[in-house]
Amino acid sequence: GSFPSGGGSPLTVRGVNLLDRFRTQQISRPFLNKKDSDIAQELVEEIAKEIRKKVPSMEIRMDEEERQTNLRRETPVPYLAMQNAYPIVFLLLRARDIGYDLSVEEAAQGSTRTATFRFRPSHLVRRPTYELEWGKTLISFQPTLQTAGQVNELMVKGWDSQGKTKFEEKATRADLKGEGIIQPDMIGVQESSLAQRLEITSDRPVQTRQEAKDLAKNMLRRLTQGLVEARGKTIGLPDLRAGCKVNVIGLGTRYSGTYLVTSTTHSIGEGGYTTDFSCRMEARTAPQGGQS
């Protein structure tokens, strides 16, 4: 809490993600010629072993049907090393690198609780969507158009330890156009200013050209997703949290669209219950009122 010179004394409550419970013991381990979903399975088993020491009644597993589907599209990673890291943290970082989403779904039956890990491509994740209209359910909205950090190409350089040769792979904005990611021309920004910008990454361990290409695409995707970011406030929505989507309307042709929520703050005060959120644009929609 705090005690300001005027007004009431606010009480602030902060918490950690439920995944923090699975941060148990740091380990080191190499993974040789394994697919990412098999690596995830091995790490989840490691987490389950440690959790059962504290909570014997808790069952931890992966969604097996989803894992088998993933394995059919994945290719083996020649070498991946985990150095003195928590398995859950390593898995979260790996998911980010390869464009996957990691979540846990819990269920209880009697005295037994089951935690099912879901490890899947981000574009396959279905998230709840809320429609917020400026002047009605949307109280305030401050979008930021960030072109300074945008690039047109991203290159990843690697080293072939068997062939003893260097290699490099590029990803361009054209590689992402089929994914529905916001492009500068969709919001009235000329791409010519980005055409000569190339970012080079050489400090990430990659063993094959395909791994380098995938990493280049994922890194470029994360940069591109930050083109339009915003902070907003709406009437209180208890279920609005990171990972949800909001469809914002009434802001004209540039900023009306679908945004992915990255963080939320829920407040109760003299003005009632409100939810502040941060987000990034994922798709632009036609305006429904307001000025561009």
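Residues numbered from 1 in each chain as written. Predicted model: local features only at pLDDT ≥ 70, side-chain atom pairs only at ≥ 80, totals over all residues. Heavy atoms only, no water.

S.K.: Help me understand the overall build of the protein chain in this model?
M.R.: Helix and strand counts for the protein chain stand at 5 helices and 14 strands. For the protein chain, with 292 residues in total, the buried portion stands at 40%. Considering only intrachain contacts with a sequence separation of at least 6, the fraction spanning at least 24 residues in the protein chain is 69%. Of the roughly 16,600 Å² of accessible surface on the protein chain, 48% is carried by carbon and sulfur atoms. (Helix = DSSP H or I, 4+ residues; strand = E, 2+ residues; numbered from the N terminus. Buried < 20%, exposed > 50% of the residue type's maximum accessible area, 1.4 Å probe, protein only. Contact = heavy atoms within 4.5 Å. Areas by Shrake-Rupley, 256 points an atom, 1.4 Å probe, with all protein chains shown as cover.)

S.K.: Just to check I follow, could you spell out the confidence of the model for the protein chain for this structure?
M.R.: Atom-level detail of predicted coordinates should not be read off regions where pLDDT is low. Across the protein chain, the average pLDDT comes to 83, with 85% of residues at 70 or higher. Per-element confidence in the protein chain is highest for helix α2 (residues 64–73), whose mean pLDDT is 94, and lowest for strand β10 (residues 198–201), whose mean pLDDT is 73. Across residues 286–292, where pLDDT falls below 50, the model places 14 contacts with residues more than four positions away in sequence or in other chains. (pLDDT = per-residue confidence, 0-100.)

S.K.: I'm lost on the pattern of salt bridges in this one. Help?
M.R.: For side chains bearing opposite charge, pairing can occur when the charged atoms are close. Here the structure, examined in full by the defined rule, presents 22 salt bridges. Across the pair R29 and E46 runs a salt bridge whose closest N-O atoms are separated by 2.9 Å. Pair noted here: R29 is in strand β1 (residues 27–34) and E46 is in helix α1 (residues 36–54), with a separation of 17 residues, a long-range link. Owing to a relative accessible area of 11%, E46 belongs among the buried residues under this scheme. (Salt bridge = Lys/Arg side-chain N within 4 Å of Asp/Glu carboxyl O.)

S.K.: Honestly, the packing of α1 against helix α3 (residues 87–98) in this entry has me stumped. Any pointers?
M.R.: Between two packed helices, both the angle of their axes relative to each other and the distance between the axes serve to describe the pair. Close contact between α1 and α3 brings their axes to 9 Å; oriented N to C, the two are set at 160 degrees. One way to sum up the angle between α1 and α3 is to call them roughly antiparallel. As for how α1 packs across α3, the hand of that crossing is left-handed. Together, D36, A40, L43, V44, E46 and I47 of α1 and P87, I88, F90, L91, R94 and I98 of α3 make up the contact between the two elements. (Axes fitted to C-alpha atoms, helices over the stretch in contact; angles between N-to-C directions. Parallel < 35°, antiparallel > 145°, perpendicular 65-115°, else oblique. Left-handed = near helix turned anticlockwise from the far one by under 90°.)

S.K.: Before we go on, may I ask you to explain the nonpolar core in this structure?
M.R.: Nonpolar side chains in soluble globular proteins tend to be buried together. Counting 28 residues, the largest nonpolar core has F22, I60, F117 and F119 as the members making the most contacts within it. Contributing elements (two or more residues each) for this core: β1, α1, β2 (58–62), β3 (77–85), α3, β4 (100–109) and β5 (112–121). With 7 residues, α1 is the largest single contributor of residues to this core. Those residues in contact with F119 that sit more than four places away from it in its chain are D36, S37, A40, M62, E66, N70, L91, A95, I98, Y100, D101 and L102. In terms of nonpolar packing, the next biggest core, distinct from the first, is built from 18 residues, L227, L237, L251 and Y255 among them. (Core = buried A, V, L, I, M, F, W, Y, C linked by side-chain atoms within 4.5 Å.)

S.K.: I tried to follow the packing of α1 against α2 on my own but got confused; where do I start?
M.R.: Put simply, α1 and α2 touch, their axes get as near as 8 Å, and they point 145 degrees apart. Residue-level contacts link S37, D38 and Q41 of α1 to R67, N70 and L71 of α2. For the contact of α1 with α2, the residue count by class is 1 nonpolar, 3 polar and 2 charged. (Nonpolar A, V, L, I, M, F, W, Y, C, P; charged D, E, K, R; others polar.)

S.K.: I would appreciate a short explanation of the sheet that holds β5 in the present structure.
M.R.: Ordered by their spatial adjacency, 3 strands build an open sheet running β2-β5-β4, and the pairing between neighbours is mixed. Sheet topology places β2 and β4 at the edges, where each strand pairs with a single neighbour. Adjacent strand axes in the sheet meet at a mean angle of 20 degrees when their direction is disregarded. Seen against the sheet, α3 touches β4 and β5 and runs at an angle of roughly 135 degrees to β4. (Pairing = 2+ DSSP bridges.)

S.K.: Is there a simple way to think about helix α4 (residues 209–225) in this case?
M.R.: In this model α4 runs 24 Å from its N-terminal to its C-terminal C-alpha over 17 residues, within 8% of the 24 Å that 1.5 Å per residue would give. Regarding α4, the residues found buried are E211, A212, L215, A216, N218, M219, L220, R221, T224 and Q225. (Expected span 1.5 Å × (residues − 1).)

S.K.: For this particular structure, what's the right way to read the packing of aromatic side chains?
M.R.: When we look at a pair of aromatic rings, we describe it by the centre distance and by the angle of the planes. Under the counting rule described, the total for this entry stands at 4 aromatic pairs. Ring centres 4.9 Å apart and planes at 50 degrees place the aromatic pair Y100 and F119 in the tilted group. Placement of Y100 in strand β4 and of F119 in strand β5 is noted, with a sequence separation of 19 residues between them. Given the relative accessible area of 12%, Y100 is considered buried. Between F141 and Y259 the ring centres are 5.3 Å apart and the planes differ by 80 degrees, which places this aromatic pair in the edge-to-face class. Residue F141 is found in strand β7 (residues 138–145), and its partner Y259 is found in strand β13 (residues 257–269); the two are separated by 118 residues along the sequence. With a relative accessible area of 0%, Y259 lands in the buried category. In this structure, R23 packs its charged tip against the face of Y86, placed 5.6 Å from the ring centre. (Phe/Tyr/Trp six-rings, centres within 6.5 Å; stacked < 30°, edge-to-face > 60°. Lys NZ or Arg CZ within 6 Å of the ring centre and 35° of its normal.)

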